[in-house]
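# Residue-level structure breakdown
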Amino acid sequence: MTVRIERGYGALRTQFDCFLWPPLDLGMRVIAGGGAPPFTLVALEPQRGRQLVAAELVTALKALPQVVITDRHVSWLGKGVLGCAEARAKLEQLVGIARIVNRRRGVVSLPRELAPLHAHWTRLATGRGLTVSLTPLSLSGRARGIDTLAFVERDSLGGHTLVVVGKFRRPLGIGYHALSRVVHAEVPWGMTELTTGDAGFDRVFRVTAADAEWVKLALNPAARARLLELAREIHDILVDDYGVRLSVTLQPDAPVAELLERAGAAAELVDFVSPRTREVYR
């Protein structure tokens, strides 16, 4: 989650964001207004959206107006700068809502078009130590001691992408972001665009971070070689503080078990334990 204070329309505002992982697949936006009805729901599949926003979640939304729920986060925006006690109370309410969303995602029905894939993944999970979940349809397990996850991500137009993630043991904490599709976008505030000195890698990956010293540990020669090997076949690769993420076109026969293993293998090489006392966000 993140907490930030910003100036908008001439006044200070406080915003809290709890991020949902993995993101939902509802193409949804819920706005709690505190009136009658207590919220507005917009979703690509309204029926599935109403399955999520029911029962205890409705009660929680009534108690905290100005909450916005999307596929990716639960947010609250308030006027002014809150005192410590009030901020803590709002945060606890917001975290409570995010936990309800994560509990209720399990009761949302599967999209009809994904039923064949669900059956295929269920067969694949048998005997492999993998777990199948819904909303989004996902397959989780471990590879090389790394937690791995494959899930179906939905875009704003209703299309589907297969996302496979190898998760680090804990966040690296270096403000790290390496993207295989080199783009000429503005470097995020507080970050520096870096080169590794490996010409082949630097042509394919754009790297930004807050601390170049630790990036060199993460992007060691073995890690660069493995990421480049993946990039020859998978064009959408993202490495950040939390893990290695591969995105491919969703196909019924996609080799998801192999992709889970390859994401874990890449994350295993990039992962390292940085000093907890290191202050990289200044």
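Scroll up for the structure.
Residues numbered from 1 in each chain as written. Predicted model: local features only at pLDDT ≥ 70, side-chain atom pairs only at ≥ 80, totals over all residues. Heavy atoms only, no water.

Scanning the protein from N- to C-terminus turns up eight helices and 15 strands. When the backbone C-alpha atoms are referred to their principal axes, the protein occupies close to 60 × 50 × 30 Å. Residue pairs in contact within the protein that sit at least 24 positions apart in sequence constitute 63% of those at least 6 positions apart. Of the side chains in the protein, 36 bear a positive and 29 a negative charge, and the two mean positions are spaced by 5 Å. (Helix = DSSP H or I, 4+ residues; strand = E, 2+ residues; numbered from the N terminus. Contact = heavy atoms within 4.5 Å. Lys, Arg positive; Asp, Glu negative; His and termini not counted. Charge placed at Lys NZ, Arg CZ, Asp CG, Glu CD.)

Negative phi is the rule for most residues except glycine; trans is the rule for most peptide bonds. Proline 22 follows tryptophan 21 through a cis peptide bond whose omega is -10 degrees. Mapped onto the fold, proline 22 is located in the loop between β2 (11–19) and β3 (29–32). Cis geometry marks the peptide bond from threonine 135 to proline 136; its omega dihedral reads 0 degrees. Position of proline 136 relative to the elements: it lies in the loop between β7 (131–133) and β8 (138–143). Although it is not a glycine, alanine 55 adopts a positive phi angle of roughly 50 degrees. Mapping alanine 55 onto the fold places it in the loop between α1 (46–52) and α2 (56–63). Overall, alanine 55 belongs to the exposed group, its relative accessible area being 54%. Positive phi values are uncommon outside glycine, yet threonine 135 reaches one of about 55 degrees. Look at threonine 135 and you get buried, because its relative accessible area is 1%. (Buried < 20%, exposed > 50% of the residue type's maximum accessible area, 1.4 Å probe, protein only.)

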